[in-house]
Amino acid sequence: MRVNAVCIIWVLGCILLLGCSNRAVTPPKPSYPNTNDLLFSSDTASIPSLDSLIQLTSSQVEDIYRFVEKENVAQLPINEQAHQYVAKKLVNFNYEGKNLSAAEAMATGRGNCMTLALLTYAVAKELNVGVVFQVMHTAPMLQEIRSNLAVTSDHVRTFLYEEDKSRSKGFYLSGRDYAIMDYFPDSYDRGGAFIDESQFIAMYYRNLAADALLDNDLALSFALLKQGASYAPDYAPLLNMMAVVHRRAGDEKTAEEFYLYGMEVAKSKINLLSNYHHLLTSQGKVDSANEIKRTLLFLDDPTPYNWYLLGRSSLKEGDYFSAIIYLEKFLENSPYYHQAYIELASAQHALGKTYAAEKSLKTALEYTYLSNTQRLYQAKLTWLKQSR
C-alpha cells in the first residue's frame with residue numbers, strides 16, 4: 001500500500017511539474033505585417049505631429065492661467081482646476097462630427113467627442129495633470145455612409161488626476177482622487193475599457209485617417225495610419241483600416257495579412273472578421289468566407305454596438321438568419337434600444353416568423369417614449385397582424 005501511495009504521489013508530482021512547464025511556454029507573438037509603402041505616395045509634411053495637435057496658442061495658454069489663478073479656483077486641487085476650466089469651455093460648445101486640433105476646438109468652440117478629449121488632454125498637459133481615458137459604449141450613431149464606408153462615432157471620457165511620481169501603483173489601484181470629463185453623456189451609456197495616452201493618440205490618428213479615406217485619399221489615410229500605429233501598433237481599428245486601405249489600393253494580399261494579424265492580437269475582432277469575410281466573398285473563396293461567418297455568429301464580444309451595425313448590414317444584404325443572431329446578441333446587452341427591435345422584427349418577418357416579429361414590435365413600443373415614434377411602431381404592428 002505504501003509503495004502504491006508513493007508511486008501515485010510521484011506520478012502526480014510529475015504531472016504537476018509538467019503542467020507548470022507547459023504554462024511557462026508561450027507561443028511567439030506574430031510579426032506585424034509589412035506595409036506596401038511603394039503603393040502610396042504622400043507628402044508626409046501634411047501629417048500633423050502630436051505636438052501640433054495639442055499645442056495651444058499663447059493667448060489660449062494665458063487664458064488657462066488667468067482662470068486657475070482666480071481665488072476661488074486656485075485653492076482647488078490642480079486636476080479639479082483643469083476640470084473646471086474645460087467645463088467652462090463646454091458651456092456653449094457646438095457639437096459637430098469634425099476632428100480638429102485642440103487650438104482649433106478652443107478657438108471655434110466646436111468639434112466631436114474625440115476633439116473634446118484632445119482639448120482636455122492639451123489643457124491637462126499644460127497644467128501637468130495626469131490623464132487616463134475610458135471608452136464609452138453609446139447608442140450607435142451612424143455619421144456618414146460614402147463609398148461603401150460606414151462611419152460611426154467614437155465616445156470617450158477623460159479622468160483627470162494629480163500627478164504623483166512617488167506612487168508606484170498604476171491608476172486603477174492608486175486610490176487617486178480624479179475628476180471626470182464626460183462629453184455629451186447619456187443615461188444609456190456603458191463604460192468600457194480604460195486606455196492610456198498612447199492608444200488615445202492612436203484613436204485620434206485613426207479618426208483623421210478615416211476622414212482621408214472618406215475623401216478617397218488613400219495615400220494620406222495610409223500615412224496617418226502609420227503615424228497612429230507608431231503609438232499603438234496592435235490597436236484593432238488601425239489594423240482594420242490598414243487592411244481596408246491596402247485592399248482599396250489593389251493589394252489584397254497585404255490586406256489579408258493585416259486581417260489575419262489583427263485576429264491574432266486584437267481583443268475586439270468583430271470588424272476585422274466582418275471585413276475579412278467581405279474580402280473572401282469578393283475573391284470567390286466561399287468555403288473560407290463561410291468559416292469566417294460561422295466564427296462571427298458564435299463570437300462573444302464585449303462591444304455591443306458592433307453587433308447592431310453587423311445586424312443592419314446583414315439585413316440590408318438579405319441575410320436574415322445572420323441579422324437575427326447579430327441583433328439578438330446586441331439586445332442581450334442593450335435591451336433599451338428600440339430601433340434594433342424594429343430591424344429584428346423585419347428579419348423575423350422575412351423568415352416567416354410572424355409571432356416573433358410581433359413580439360419584437362411590442363417590445364419596441366415599450367422602450368420608446370416619443371409619440372411620433374410610438375405611432376409609427378404601432379402602425380407597423382397593426383399591419384403585421386392584419387397580414388397574417
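It should be emphasised that the depicted structure is a prediction, and the values quoted were computed from it without experimental measurement. (Residues numbered from 1 in each chain as written. Predicted model: local features only at pLDDT ≥ 70, side-chain atom pairs only at ≥ 80, totals over all residues. Heavy atoms only, no water.)

### Focus on the overall build of the protein
Definition in use: Think of it this way: any DSSP run of H or I at least four residues long counts as a helix, any run of E at least two long counts as a strand, and we number them from the N terminus. We call two residues in contact whenever any of their non-hydrogen atoms come within 4.5 Å of each other. Using the Shrake-Rupley algorithm and a 1.4 Å probe, accessible areas are obtained, with residue cover drawn only from the displayed protein chains.
Secondary structure summary: the protein contains 18 helices and 8 strands in total. Across the protein, contacts joining residues at least 24 apart in sequence account for 62% of those joining residues at least 6 apart. Here the protein displays about 20,900 Å² of accessible surface, and carbon together with sulfur accounts for 52% of that area.

### Description of the pairing of strand β6 (residues 156-162)
Test applied: Working definition: with a 1.4 Å probe on protein chains only, accessible area under 20% of the residue-type maximum means buried, over 50% means exposed, and in between means partly exposed. Strand pairing is assigned whenever DSSP detects at least two bridges linking the two strands.
When you tally the buried positions in β6, you get 6 out of 7 residues, the bulk of the element. The pairing of β6 with strand β7 (residues 178-182) spans 5 bridges and is antiparallel. Each residue of the ladder has a partner; that of Arg157, found in β7, is Asp182.

### Re the nonpolar core
Formally: Note on terminology: a nonpolar core comprises buried Ala, Val, Leu, Ile, Met, Phe, Trp, Tyr and Cys residues joined through side-chain atoms within 4.5 Å.
One finds Leu56, Val123, Phe200, Trp307 and Phe330 to be the most contacted residues of the largest nonpolar core, which totals 103 residues. Ranked by the residues each element gives to this core, the list is headed by helix α8 (residues 197-214), at 11 residues. Once you skip the residues sitting within four places of it in the chain, Phe200 turns out to touch Met114, Ala117, Leu118, Phe133, Val156 and Ile195.

### Digging into empty space enclosed by the protein
Definition in use: A 1.4 Å probe that fits into a set of points on a 1 Å grid over the protein atoms alone but cannot get out defines a cavity; an open set with protein on both sides within 12 Å along at least five of seven lines defines a pocket, and lining residues are those with an atom within 4 Å of a point. Grid points are joined across faces, edges and corners, and a volume is the space filled by probe spheres set on the points. For this scheme, ten residues count as nonpolar: Ala, Val, Leu, Ile, Met, Phe, Trp, Tyr, Cys and Pro. Four count as charged, namely Asp, Glu, Lys and Arg, and the remainder, Gly too, count as polar.
Counted according to the given criterion, the structure contains 1 cavity of 30 Å³ or more. At the level of elements, α12 (270-282), α13 (286-298) and α14 (304-317) are the ones that each hand at least two residues to the lining of the largest cavity. Sorting elements by how many residues they give to the lining of the largest cavity places α14 first, with 4 residues. Split by residue class, the lining of the largest cavity holds 3 nonpolar, 5 polar and 2 charged.

### Here's the deal with the packing of α14 against helix α15 (residues 320-333)
Selection criterion: Inter-axis angles, ranging from 0 to 180 degrees, are taken between N-to-C directions of lines fitted to C-alpha atoms, where helices are fitted over the stretch in contact. Angle categories: roughly parallel below 35 degrees, roughly antiparallel above 145, roughly perpendicular from 65 to 115, and oblique for all the rest. Two helices crossing with the near one rotated counterclockwise from the far one by less than a right angle form a left-handed crossing, whereas a clockwise rotation gives a right-handed crossing.
Between α14 and α15, the shortest axis-to-axis distance is 8 Å and the interhelical angle comes to 155°. Compared by their axis directions, α14 and α15 come out roughly antiparallel. Seen from above, α14 lies across α15 with left-handed handedness. Across from Pro304, Tyr305, Trp307, Tyr308, Leu310, Gly311, Ser314 and Leu315 in α14, the residues of α15 making contact are Tyr320, Ser322, Ala323, Tyr326, Leu327, Lys329, Phe330 and Asn333. Here the contact of α14 with α15 is composed, by residue class, of 11 nonpolar, 4 polar and 1 charged.

### Notes on the packing of aromatic side chains
Put simply, the rule reads: Only the six-membered ring of Trp is used, alongside the rings of Phe and Tyr, when aromatic pairs are assigned; centres must lie within 6.5 Å, and planes under 30 degrees apart are stacked while those over 60 apart are edge-to-face, with the rest tilted.
For the coordinates displayed, the defined rule picks out 13 aromatic pairs. Aromatic pair Tyr308 and Phe330: ring centres 5.2 Å apart, planes at 45°, arrangement tilted. With Tyr308 in helix α14 and Phe330 in helix α15, this pair connects stretches of sequence that are 22 residues apart. Given a relative accessible area of 2%, Tyr308 falls into the buried group. For Phe330, a relative accessible area of 0% puts it in the buried group. Here the aromatic cluster, defined as three or more aromatic residues joined through ring pairs, consists of Tyr32, Phe258 and Tyr261.

### Considering the pattern of salt bridges
Under the convention used in this document: The salt bridge definition used is simple: a Lys or Arg side-chain nitrogen within 4 Å of an Asp or Glu carboxyl oxygen.
Under the criterion given, the structure shown has 7 salt bridges. In this structure, Lys125 and Glu197 form a salt bridge, with 3.1 Å as the shortest nitrogen-oxygen distance. Here Glu197 lies in helix α8 and Lys125 lies in helix α7 (residues 113-126), a separation of 72 residues in the sequence. Among the residues examined, Glu197 registers a relative accessible area of 24% and is labelled partly exposed. For the salt bridge of Arg157 with Asp182, the shortest nitrogen-to-oxygen distance reads 3.8 Å. Placement of the pair is Arg157 in strand β6 and Asp182 in strand β7, with a sequence separation of 25 residues. Here the residues in one salt-bridge network are Asp63, Arg66 and Lys89, joined through shared partners.

### Notes on α12
Turn by turn, an α-helix covers 3.6 residues, leaving residues three or four places apart pointing in a common direction. So the rule is basically this: Each helix should span, by expectation, one fewer than its residue count multiplied by 1.5 Å.
Counted at 1.5 Å a residue, the expected span for α12 with its 13 residues is 18 Å, and the 19 Å between its end C-alpha atoms agrees. Considered for burial, the residues of α12 that qualify are Ile270, Leu272, Leu273, Ser274, Tyr276, His277, Leu279 and Leu280. Packing partners of the buried residues in α12 comprise α10 (236-248), α11 (252-265), α13 and α14. At the exit of α12 stands Gly284, carrying a positive phi of roughly 75°.

### Regarding the side chain of His277
Here His277 lies in helix α12. If sequence neighbours within four positions are ignored, His277 has contacts with Ala289, Ile292 and Lys293.

### Some words on the confidence of the model for the protein
As a reminder of what qualifies: For every residue, the predictor states its confidence as a pLDDT score lying anywhere from 0 to 100.
Residue-level pLDDT values for the protein average 81, and 77% of them are 70 or greater. Between residues 142-146, whose pLDDT stays under 50, and residues either more than four places distant or in other chains, the model counts 17 contacts. Across residues 165-174, confidence stays below pLDDT 50; counting only partners more than four residues off in sequence or on other chains, it has 14 contacts.

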